Amino acid sequence: MTTQDMLDERYGRRRSPARRWLIGGAAVLAVAVVAAFGWLTVQGSLDAVDVDTTSFAIVDEHAVELGFQITAPPGRAVACAIEAQDEDHGVVGWRVVEIEASDTHARAFRELIPTTAEATTGFVNSCWVLSSSAT
């Protein structure tokens, strides 16, 4: 008999099975929350698209040529919002470019952005993986 058991017997204390169930339930809940958070993190990174603007050239007052590179999941179609801005950072042109699925992980592209006024810069605003029904 352990010292704790002797003290419990002497003073009339007994351990409650409800407390054990409560602690066990809390532990199971904590493990489930950590597992769900981990799964959401992994699933979010599976569809991640990384993009880098590599160049831009002002063609004339009505167009900008943009060079960019994407790193996307192989076999998934991607869409990118590309944008041209003037010297006051006002948007003077934009378009959404849909990129076909490919087995290649990283690819480079050059796209023309029509503008309403002379632009001073061009860049990729964002990219995302298209759902399989949109391809």
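Predicted model only: the values in this text are computed from it and were never measured. (Residues numbered from 1 in each chain as written. Predicted model: local features only at pLDDT ≥ 70, side-chain atom pairs only at ≥ 80, totals over all residues. Heavy atoms only, no water.)

(A) Layout of the pairing of strand E4 (residues 91–99). Summarising the sheet, strand E3 (residues 78–85) and E4 pair through 8 bridges and their orientation is antiparallel. Considered in E4, the bridge of Cys 80 is made with Val 97. Between E3 and the antiparallel strand that follows it, E4, lie 5 residues; His 89 among them carries a positive phi value of about 65 degrees. (Pairing = 2+ DSSP bridges. Helix = DSSP H or I, 4+ residues; strand = E, 2+ residues; numbered from the N terminus.)

(B) Just the sheet that holds strand E5 (residues 106–114), in detail. Taken in spatial order, the 3 strands line up as E1-E2-E5 in an open sheet, and their pairing is antiparallel. With partners counted over all chains shown, the strands left at the sheet margins are strand E1 (50–60) and E5, one partner each. Pairs of neighbouring strands in the sheet enclose a mean axial angle of 20 degrees, with direction left out of account. In this sheet, E5 lies alongside strand E2 (residues 63–71) in antiparallel orientation, the contact comprising 9 bridges. Following the sheet pairing, Gly 67 is matched in E5 by Arg 110. (Axes fitted to C-alpha atoms, helices over the stretch in contact; angles between N-to-C directions.)

(C) Here's a closer look at the sheet that holds strand E6 (residues 121–129). Judged by pairing direction, the sheet is antiparallel, and its 3 strands sit side by side in the order E4-E3-E6 without closing on themselves. Among the strands making up the open sheet, the edge pair consists of E4 and E6. Between one strand axis and the next, the sheet turns through 20 degrees on average, direction left out of account.

(D) How the structure looks around the nonpolar core. Core analysis: the largest hydrophobic core is formed by 16 residues, its most contacted members being Phe 68, Ile 70, Val 78, Cys 80, Ile 82, Ile 99 and Val 124. Looking at this core, the elements with two or more residues in it are E2, E3, E4 and E6. The contacts of Val 124, once residues within four sequence positions are left out, are Val 51, Thr 53, Leu 66, Phe 68, Cys 80, Ala 81 and Ile 82. (Core = buried A, V, L, I, M, F, W, Y, C linked by side-chain atoms within 4.5 Å. Buried < 20%, exposed > 50% of the residue type's maximum accessible area, 1.4 Å probe, protein only. Contact = heavy atoms within 4.5 Å.)

(E) Representation of the pattern of salt bridges. Within this structure, the stated rule accounts for 2 salt bridges. Between Glu 65 and Arg 110 there is a salt bridge; the shortest N-O distance is 3.0 Å. Of this pair, Glu 65 sits in strand E2 while Arg 110 sits in strand E5, placing them 45 residues apart in sequence. Given the relative accessible area of 49%, Arg 110 is considered partly exposed. (Salt bridge = Lys/Arg side-chain N within 4 Å of Asp/Glu carboxyl O.)

(F) Region of interest: a nonpolar patch on the surface. Together, Trp 39, Leu 40, Val 42 and Leu 46 give the surface a local cluster of nonpolar side chains, amounting to about 440 Å² of exposed area. Among the structural elements, Leu 46 can be located in helix H2 (residues 17–46). (Patch = residues over 30% accessible without salt bridge, like charges linked within 9 Å, V, L, I, M, F, W, Y side chains within 5 Å. Areas by Shrake-Rupley, 256 points an atom, 1.4 Å probe, with all protein chains shown as cover.)

(G) Representation of the side chain of Glu 83 in the model. Note on placement: Glu 83 falls in strand E3. Within the buried core, Glu 83 has no salt-bridge partner, and the shortest N-O distance to an opposite charge, that of Arg 95, equals 12 Å. Within the structure, Glu 83 has its side chain in polar contact with the side chain of Gln 85 (distance 2.8 Å). Setting aside its immediate chain neighbours within four residues, Glu 83 contacts Val 91, Gly 93, Trp 94, Ile 113, Thr 121, Gly 122, Phe 123 and Asn 125. (Lys, Arg positive; Asp, Glu negative; His and termini not counted. Polar contact = N/O pair within 3.5 Å; in protein donor to acceptor, adjacent residues only side chain to side chain.)

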